[in-house]
Structures are given as structure tokens and as C-alpha cells.
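# Chain and residue survey
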Amino acid sequence: YEMLALAYGAASCYTIEYNPLDHHHPLLLTATPDQYWSLPAPHRPRFQVALSISSLEHDGLGRYGDPINPDGDLVAIRQLEDVVLPHGLLVLAVPVASDALVWNCHRIYGRRRLTKLLRRWTVERVEGLTAEMLDVTLLTPTQPVFLLRNTRPSAPTNFTDPADPIWAMLPAG
């Protein structure tokens, strides 16, 4: 995704990854989470747009060198609030089906966990999600894309509530 962003005109790309990356591109900057968070806040880069594609579902499971934390994904999305500028955008893709954990591979976001994950972000748009997907049991489900704004919603999105406005954004099943 970094190379696509650069190909389409991004001035540079900054990747935060648990494992150090070996690359040789002058516009691709990388840091481990420890390196990023050790920077003093005034010198820590923040971004108008961030992408998290097939990442958060792994946080806290230890598979990629991260510390074990049952709520690692919730911690990581909270940290993204500090990475993305206020009113900035996060493009998020996570696996969606019935709530599950495939140890130590990934989480699957159903109605309950997805509600927890997105509660502090304003959902601007969703692509590739239907209500039925949230109730299917799969080990390797598809990953819809959520366009999230870094603003506190007046009412958090609630995928467990059939009257929530989120359902008007989704195609009819």
C-alpha cells in the first residue's frame, strides 16, 4: 500500500511495524511502535490520512513480535487516535464475520467486537460489508473497508442495534 500511495502522489509514507523493515526507498520511512512512541509528542509525526489494512486484528496476539494483550486491538485503535490528526481519516480493513479469535493468528470482528473497535471513531463510509456477514462463522473472512474520521461520534456505531443508522449505509442483504 505504501508504494501505491507514493505512485499516486503521496509526498512520503511512514510505516509503523512491529518488525524492522529493510527497504531502500527515500520516501518510505519506517519505525517500530517502540521507536514511534518514544519520540517526544511535539516531534512525533501525525497524519491527515492513515491506512490500517489487515493489521489491528493481529495486535496483542504475539504472532508478529508484539506483546500478548487480549485487548491489543482496542489499545492499537486508541493509539491511532493520536497518530491521525483530529478530523483526519483512517482507512481500516479488518476481517468481519461472527465474533471469534483464531489463536494466535487473528481476531474476527462480529457485532460485539466491531462495535467496541469503532466506538470512538465516526464511520463515514463502509464498502464491502453486509449485515449478514456479521453472523457467519468463518476462519478467514473477507475484510470490508471502513472510512473513519477521527472525531468522537455523537452516538457510537452499534452493530448490535438493528435501529443503528449504520445499517442505512450498508446494502440490503
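Anything mentioned here points back to the structure above.
Below is a summary of the structure that appears in this document. (Residues numbered from 1 in each chain as written. Predicted model: local features only at pLDDT ≥ 70, side-chain atom pairs only at ≥ 80, totals over all residues. Heavy atoms only, no water.)

## Considering the pairing of strand E8 (residues 145–149)
Burial of the side chains of E8 is restricted to one face: Phe146 and Leu148 are buried, whereas none of Val145, Leu147 and Arg149 on the reverse face is. Of the pairings in the sheet, the one linking strand E4 (residues 84–93) to E8 comprises 5 bridges and is antiparallel in character. By the bridge assignment, Leu90 is partnered in E8 with Leu148. (Buried < 20%, exposed > 50% of the residue type's maximum accessible area, 1.4 Å probe, protein only. Helix = DSSP H or I, 4+ residues; strand = E, 2+ residues; numbered from the N terminus. Pairing = 2+ DSSP bridges.)

## Notes on unusual backbone geometry
In the segment running from Trp103 into Asn104, the intervening peptide bond is cis, with an omega of -20 degrees. You will see that Ser54, though not glycine, has its phi angle at about 55 degrees, which is positive. As for its placement among the helices and strands, Ser54 is situated in the loop between strand E3 (47–53) and helix H3 (72–83). Phi is positive for His87, which is not a glycine, with a value near 70 degrees. Residue placement: His87 occurs in strand E4.

## A short note on the pattern of salt bridges
Counted according to the given criterion, the structure contains 10 salt bridges. A salt bridge links Asp71 to Arg113; the shortest N-O distance between them is 3.4 Å. Here the residue Asp71 occupies a position in the loop between E3 and H3, and Arg113 occupies one in helix H4 (residues 111–118), the gap between them amounting to 42 residues. On the accessibility criterion, Asp71 (37% relative accessible area) is partly exposed. (Salt bridge = Lys/Arg side-chain N within 4 Å of Asp/Glu carboxyl O.)

## Here's the deal with the side chain of Glu57
Following the sequence through the fold, Glu57 ends up in the loop between E3 and H3. Although Glu57 is buried, it makes no salt bridge; Arg107 carries the closest opposite charge, 7.7 Å away. Side chain to side chain, Glu57 and Ser54 meet in a polar contact 2.8 Å long. What Glu57 contacts, discounting residues up to four positions off in sequence, is Ala93, Val94, Pro95, His106, Arg107, Tyr109 and Gln143. (Lys, Arg positive; Asp, Glu negative; His and termini not counted. Polar contact = N/O pair within 3.5 Å; in protein donor to acceptor, adjacent residues only side chain to side chain. Contact = heavy atoms within 4.5 Å.)

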